[in-house]
Amino acid sequence: NPQRERNLVQDKIASDMDLFNNEVGAQIGADYPRASISVLIFLVKQAVTQGRCRKILKDSSGHYLDSQGRIIDTNNFKGIWEIPKVLIQSSKPQLD
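This section reports on the structure supplied with the text.

**Comments concerning the overall build of the protein**
(1) Moving on: What the protein contains, in helices and strands, is three helices and two strands.
(2) Moving on: When the helices and strands of the protein are listed from N to C terminus, the series reads α-α-α-β-β.
(3) Moving on: The burial tally for the protein puts 26% of its 96 residues in the buried class.
(4) Moving on: Counting contacts in the protein only where the partners sit at least 6 residues apart, residues at least 24 apart contribute 63% of the total.

**So, the side chain of Asp66**
(1) Moving on: As for its position among the elements, Asp66 is in the loop between strand S1 (54-56) and strand S2 (87-89).
(2) Moving on: You can call Asp66 buried: its relative accessible area is 10%.
(3) Moving on: At a separation of 2.8 Å, a polar atom in the side chain of Asp66 contacts the main-chain amide nitrogen of Gln68.
(4) Moving on: In terms of polar contacts, Asp66 uses its side chain to reach the side chain of Arg70, at 2.8 Å.

**Remarks on the pattern of salt bridges**
(1) Moving on: Across all of its chains, the model carries three salt bridges by this definition.
(2) Moving on: Notably, a salt bridge pairs Asp11 with Lys85, separated by 2.5 Å at the nearest N-O pair. With a gap of 74 residues between them, Asp11 in the loop between helix H1 (2-6) and helix H2 (12-31) and Lys85 in the loop between S1 and S2 connect regions that are remote in the sequence. In this pair, the class of Asp11 matches that of Lys85, namely buried.
(3) Moving on: With its nearest N and O atoms 2.8 Å apart, the salt bridge here joins Arg70 to Asp66.

Rules used in this analysis
- Residues numbered from 1 in each chain as written.
- Predicted model: local features only at pLDDT ≥ 70, side-chain atom pairs only at ≥ 80, totals over all residues.
- Heavy atoms only, no water.
- Helix = DSSP H or I, 4+ residues; strand = E, 2+ residues; numbered from the N terminus.
- Buried < 20%, exposed > 50% of the residue type's maximum accessible area, 1.4 Å probe, protein only.
- Contact = heavy atoms within 4.5 Å.
- Polar contact = N/O pair within 3.5 Å; in protein donor to acceptor, adjacent residues only side chain to side chain.
- Salt bridge = Lys/Arg side-chain N within 4 Å of Asp/Glu carboxyl O.

Structure below.
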């Protein structure tokens, strides 16, 4: 839910994910400097489906999970930079 994500404060894992994915996008732009917007969109989507990007591990209901697959109660981490979220390849499915 994009609205829900806008209301969340950035944490270390989310920042790490953004920086990693920004680097992938910047490399695509550098590799294809004359590409049209539609081609760039295709290339970025391809990078995501091929697992070259990162996302935060969640269950099928959208709850963040730790490395043991346990739901993280984000209310317990208000104002805390390091939350035990996990980055995974963008091609990996979320857990059920």
